[in-house]
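# Examination of the molecular architecture
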Amino acid sequence: MNTDSSSIAVDPTQTPTKKRTVVAWSLWDWGSAAWNAVITTFVFATWLTSSAFAPQDIVDAAEYSTQAKAQVDEVIALHSTWLSWATALAGVAIALAAPVLGARADSGGRRKLWLGINTAAVVLFSSSLFFITPDQAHLDRNVIIGLVILALGNIFFELASVNYNAMLNQISTPVNRGKISGIGWGAGYIGGIVLLLFLYFGFINPEVGLFGVTGDNGLDIRVSVLFAALWFALFAIPVFVAVPEKPANKVHAALGVIASYKKVGQDVAHLWRDDRNVLKFLFASAIFRDGLTGAFVFGGIIAIGTFGFTNASVLIFAILANVISGVATILFGLFEDRVGSKPIIVFSLIGMIVSAVAIFLFHDRGQDIFWIFGLILCIFVGPVQSASRATVSRLATPTSEGELFGLYAMTGRVVAFLSPALFGVLVAVTNEQRYGILGIAAILLLGLFLVLPLRLTPQERSAAHIPT
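### Brief notes about the pattern of salt bridges
- Counted under the stated rule, the structure contains 1 salt bridge.
- The salt bridge partner of Asp 29 is Arg 389, with a shortest N-O separation of 3.3 Å. Taken together, the residues Asp 29 in helix 1 (residues 19–42) and Arg 389 in helix 13 (residues 367–395) connect sequence positions 360 residues apart.
- Residue classification places Arg 389 among the buried residues on the basis of a relative accessible area of 1%.

Dropping the structure here:
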């Protein structure tokens, strides 16, 4: 094993990282709420798949015509299905690129460089969404362009996350890894609260918002997206200043692309022979993380399409959801280092499944059901994400963080078609958006069954055995 500066991450006696370094690292999570909360979940994606992109004459007629209302619902269902396919295709690209790029960043000592490149790409794609408009002459074309940009943004966001997550070992010790992961993830939710509040009161809710912005031609949503891009760019800066670059791996020289794929294959084969439990966790987490992705991507869409929420009410829900998720994630993180990751993951998945099924079963009772069980579901979303990230960090050796998080991203994307595809199939077959909820619940349930037999507590496991 190397004795480079990153190796102190596996020494329980190491001097804790300075608080300002942890804060700087967490601010990237804070800023990433711009992509997760505003663009892919609660604001832009819900707007892109709403009646705003249905023919205006049909939307107007839907107020007094059942047939026209059904036509609007069909358009919403179609665009929701397109979104599911775009998400699935982006997952394929991530699966192919993530492990190799993670391994190359490990060996080359360029983790911050690739984090910066991928973050900048996300900011660029976020900004370009400003130009997507509900032009009545080109509705489907604009939806498709918007979905392509969303897919590209998702690819670069996941690649950035590989390098960002791999930094967790650099700024934590085995005894506080769950806590610090929870702080970072909680910061993301709290950042989402602050940003969504600003956008709601600054642009979306007022008839005339800041700088004279109105809802004409979706300008309030488009300006919100532009501001979200600036938000991410601003809060991503501290991590590049305060967190040191991981030195290059002196044992393994930088590999070419083909050699990198070969090494990833060799390491997967090694894990299969000598530490199959790691691969089992990567696969199990891939399944339940895909269910989480489905909840993120389609949560706001279901609120609008099935429960009749307005864009403004979705934003209010998002703010409350982020408050609940942020607090829960930080609190659960404090317990994780004591009880281990598995109890947190299992308990959270059960909570999410029960909440999702309740939303489906009682949907006919109106918006109150979504408010109640949707917010209960949000209690468990952050903790299962944070616990999963901390688990991978514990399983990684000092020279394999990027590669293992790359495999984490890859396995997540190998099955990334499941949730959006199952959602899309159920919606297409039934022509009712609410049935997509069952698809998300089914994926979460499968993930729960797969994680139950695994050994994930700190007492049972501490490191993967990828050769260094």
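### What about the packing of aromatic side chains?
- In this structure the tally under the stated criterion is 25 aromatic pairs.
- Relative to Phe 370, the ring of Phe 309 lies with its centre 5.4 Å away and its plane at 70 degrees, an arrangement referred to as edge-to-face. Placement of the pair is Phe 309 in the loop between helix 10 (276–305) and helix 11 (311–339) and Phe 370 in helix 13, with a sequence separation of 61 residues. The residues Phe 309 and Phe 370 share a single accessibility class, namely buried.

### Some remarks on the packing of helix 1 against helix 5 (residues 111–128)
- At a minimum axis distance of 12 Å, the contact between helix 1 and helix 5 shows a crossing angle of 35 degrees. Here helix 1 and helix 5 pass one another in a crossing that is left-handed. Facing helix 1, whose interface residues are Trp 28, Trp 35 and Ile 39, helix 5 presents Leu 115, Thr 119, Val 122 and Ser 126.
- A per-class count over the contact of helix 1 with helix 5 returns 5 nonpolar, 2 polar and no charged.

### A closer look at helix 6 (residues 139–166)
- Its 28 residues place the ends of helix 6 41 Å apart at the C-alpha level, agreeing with the 40 Å of an ideal helix rising 1.5 Å per residue.
- For helix 6, a buried count of 20 out of 28 residues is recorded, marking the element as mostly surrounded by other parts of the structure.

### Section: the side chain of Ser 126
- Tracing the sequence through the fold places Ser 126 in helix 5.
- A relative accessible area of 3% means that Ser 126 is categorised as buried.
- Within the structure, Ser 126 has its side chain in polar contact with the backbone oxygen of Val 122 (distance 2.7 Å).
- Apart from the residues within four sequence positions on either side, Ser 126 is in contact with Trp 35, Ile 39, Val 225 and Ala 229.

### Quick notes on the confidence of the model for the chain
- Confidence in the prediction of the chain, expressed as mean pLDDT, is 79, and 85% of residues score 70 or more.
- Taken element by element, the predicted model of the chain shows its lowest mean pLDDT in helix 14 (residues 401–414) (67) and its highest in helix 8 (residues 219–242) (94).
- Across residues 1–15, where pLDDT falls below 50, the model places 26 contacts with residues more than four positions away in sequence or in other chains.
- A low-confidence stretch, residues 458–468 (pLDDT under 50), is modelled with 36 contacts involving residues beyond four sequence positions or located in other chains.

### Focus: the nonpolar core
- In this structure, Trp 25, Trp 28, Phe 44 and Leu 150 are the most contacted members of the largest nonpolar core, which totals 126 residues.
- Ala 54, Val 59, Val 75 and Ile 76 belong to the second-largest nonpolar core, a separate cluster that totals 5 residues.

### Details of a nonpolar patch on the surface
- Residues Val 323, Val 327, Leu 331, Leu 334, Phe 335 and Val 339 make up a contiguous nonpolar surface patch of about 500 Å² in total accessible area.
- Here Val 327 shows up in helix 11.

About the thresholds
- Residues numbered from 1 in each chain as written.
- Predicted model: local features only at pLDDT ≥ 70, side-chain atom pairs only at ≥ 80, totals over all residues.
- Heavy atoms only, no water.
- Salt bridge = Lys/Arg side-chain N within 4 Å of Asp/Glu carboxyl O.
- Helix = DSSP H or I, 4+ residues; strand = E, 2+ residues; numbered from the N terminus.
- Buried < 20%, exposed > 50% of the residue type's maximum accessible area, 1.4 Å probe, protein only.
- Phe/Tyr/Trp six-rings, centres within 6.5 Å; stacked < 30°, edge-to-face > 60°.
- Axes fitted to C-alpha atoms, helices over the stretch in contact; angles between N-to-C directions.
- Left-handed = near helix turned anticlockwise from the far one by under 90°.
- Contact = heavy atoms within 4.5 Å.
- Nonpolar A, V, L, I, M, F, W, Y, C, P; charged D, E, K, R; others polar.
- Expected span 1.5 Å × (residues − 1).
- Polar contact = N/O pair within 3.5 Å; in protein donor to acceptor, adjacent residues only side chain to side chain.
- pLDDT = per-residue confidence, 0-100.
- Core = buried A, V, L, I, M, F, W, Y, C linked by side-chain atoms within 4.5 Å.
- Patch = residues over 30% accessible without salt bridge, like charges linked within 9 Å, V, L, I, M, F, W, Y side chains within 5 Å.
- Areas by Shrake-Rupley, 256 points an atom, 1.4 Å probe, with all protein chains shown as cover.

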